[in-house]
Amino acid sequence: MFPSSLSRDTALGLPSPSMQNQIHELAKTLPPPRKQNIACDACRQRKVKCHQIPGQTKCQHCLVKNYPCTHHAQQATSEKKRVSTVSRRPRAFTTSTQRSSPTPEKPAFIAPSATSSPQSATFRYPPATFGPPVRRNTSFTDLLAYLLSPPDDPNDVNGYPQSGYRLNPWKDWGEYAYKLQDEHFRIEFALDLVEVYFQIVHTRLPFLNPTHFRARLGVNVPQYANMYGGGPSSAGTTPEEPLHPALMATVVAWGAKFSEHQLLVADRLNSPTRQSGLAKTLIVRAREVAEALKVHRVPAAEHVVIALLIEPLQSQIPEDASGFRGFWLTSAIRQLFDLQINHKSVISNIQDPEARGTMIFAWWMACLSDAYGAAYYRRKPQVEDEDYDVDFYTVEPLSSEQDSQTGKPDPREHLEFLGYYRAAHALARISRHMSKNLWIPTTDSDGVPVDVLRGIMAQLNEWRAQYLPRVGVPTDFAAEWDFVSAVSACASDATFHIMWIILFNALDDRGVRESMGSPASTSSAGAGAAVGNSGLLLQIEELKMKVLDEALHGAMRIAGLAGVLTKNGYLRLDPAVMHVSCNYAGILLARFGRPEVQNCIEGLEQYAYSYEEAAEQAQELRRLFALARAGQTDFAHMAGAVARQQSQGSSPAHGHGHGHGHHSPAAAAAHHQHASPHLSDAMFVDAGAF
């Protein structure tokens, strides 16, 4: 006879039925228990409250942003707690005399089956960060839905968008931005930006084959394939060649910088700085897509091209915490080394001529940009002279037969035909040598050795005599000078002259070792070669005067060239090939109180239409010029040479016996007609963008 349930519950001390009813009634009056880990991944990443209306599958934030409202972190936490609880649970004893074999513990994460959704198939446990909802096989339309999704609400409070933002979340991008909610408009808008990229950016950075790119874009957007002459079949491509999402995002971001689309024009007018907020957002999201797809980590030919195109888009202000100066260039160089593109034998074995030409061009772009950037930003170059044995610049020499058949030779081959590659490579080696000798700790503490100074000056003079007449702005200019030719010739000319400005700044900051009485100079010198040797000191002063003369002349020449380009409105459509040259020249002229600095200021203000940092640089030039006019100069080790030059009332010398290398600023501004319409500044791209 079993005991009654009442007597059993009383014996065990369990609550009686009446007590159970009282507990139930009391529970209804208490506040609900706190729910843990209910925020979705996106809100968890932003550290805002996740607000989901009952009956909807997405929270308000993901709904507005078109994000996938996932709960991977919550699931992972719950699963981890469940497994840890089971592992801590004491093992039950069995009454059987035979012990059963232990059952293997169930893993915390079960691999998705073949029938799982694409989203679950790409899940990684646990997710480190919440990135953009883009994968390698993401369609063009889905990519645009992310790139052109509304910006964050600046008045967002605890994850709750304000009512005005919910009505028109695109309002911060101008009066026409609401059209971006329409998919067909997004596609047409993006295709327009692609065409702007090939019209403006491609002329200086010809990484991509326009025909192949448009054919592959037709694969991604088949309904618009007729815009490109019949789609993939016309270019010989196959449907298995869709474009990389990061490449598409980068091209679209570049196009937004220079597009005159009605939407972007209204966006610029809506901003107090007259800069497009949408263009800035596209740059950030293109970088996020590249990071999510590990473009900076996995060595691949396509990743090299993407990294080299992303780098010039980033902010170049050293103090900008969000700036990425040098990061993507470093990534591209590392991948080129991993792919062994620095070996001539490896490049020669690439069978596809188009792929081989792209890798050759990518190598030289990375190599030269690293050398120029090292001199501009005072850092050690990553590529040394002995790191590569590549001695050719194009896939094969330009033939007259090919020229007669096409009428327009490939820009890369045309550059080699005119000697631009060889000239750029020779100047890059000089820049690399300067960086390795000027930006080192011993030079910082003891000064620049006079032998190093003589060597750099001799190399620059030799380069001017050999290359500048061929690649710089000529005296016998043609009757017409288009946008591409103007910017290309001026930038190559300015790239040489900025080297003298860099050398002047190094001497002003560090001085000449033998004239400073540093321990390094006295220990290396003999007893009869004292630091106070008047003959050596006179030689050093003469070298300083020559550097000053060359630097000031170079700054005035760059200002004259910038004035020509600004007057024609070319810098508005220039992807920063003369940005750093214009800024460096302007700083030197402003410190001297020279009125020619106005050309640099106006050039930077025109650059500011697309590059935010240029506006701040123009303001700094005005400040330095005002101080110089007030007699407040800040020269250091070059102060004596500057005072001597000003006391003599001399201006930069002209005509050093090297052809057209020394013209007055007025002549430099007048020489504005030149050359072939297919000159590209690809090899003279301003490394400030890198």
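If you're wondering where the values come from, they're calculated on a predicted model, not measured in any experiment. (Residues numbered from 1 in each chain as written. Predicted model: local features only at pLDDT ≥ 70, side-chain atom pairs only at ≥ 80, totals over all residues. Heavy atoms only, no water.)

## Description of the state of the cysteines
- With the rule as written, the count across this model stands at zero disulfides.
- C43 carries a free sulfur, and the closest cysteine sulfur to it, the one in C40, is 3.6 Å from it.
- Looking at the unpaired C69, the closest cysteine sulfur is the one in C62, lying at 3.9 Å.
- When its relative accessible area of 15% is taken as the criterion, C69 is described as buried. (Disulfide = S-S within 2.5 Å. Buried < 20%, exposed > 50% of the residue type's maximum accessible area, 1.4 Å probe, protein only.)

## Concerning the pattern of salt bridges
- Throughout the structure, instances matching the rule amount to 22 salt bridges.
- A salt bridge links R557 to D493; the shortest N-O distance between them is 2.8 Å. Note that R557 is positioned in helix α26 (residues 534-567) and D493 in helix α24 (residues 483-510), a separation of 64 residues in sequence.
- On the accessibility criterion, R557 (1% relative accessible area) is buried.
- Judged by its relative accessible area of 0%, D493 falls in the buried class.
- Between D634 and R591 there is a salt bridge; the shortest N-O distance is 3.2 Å. Of this pair, D634 sits in the loop between α29 (612-629) and α30 (639-648) while R591 is found in helix α27 (residues 579-592), placing the two residues 43 residues apart along the sequence. (Salt bridge = Lys/Arg side-chain N within 4 Å of Asp/Glu carboxyl O. Helix = DSSP H or I, 4+ residues; strand = E, 2+ residues; numbered from the N terminus.)

## What to know about unusual backbone geometry
- Notably, R274 is not glycine yet its phi reads approximately 60°, a positive angle.
- With relative accessibility at 42%, the residue R274 sits in the partly exposed group.
- Notably, R378 is not glycine yet its phi reads approximately 55°, a positive angle.
- Summarising the element assignment, R378 is placed in the loop between α17 (353-377) and α18 (400-406).

## What to know about the side chain of H296
- Following the sequence through the fold, H296 ends up in the loop between α13 (277-292) and α14 (301-310).
- Using a relative accessible area of 18% as the deciding quantity, one classes H296 as buried.
- Every residue in contact with H296, bar those within four places of it in the chain, is listed here: A290, E291, F327, W328, S331, R334 and Q335. (Contact = heavy atoms within 4.5 Å.)

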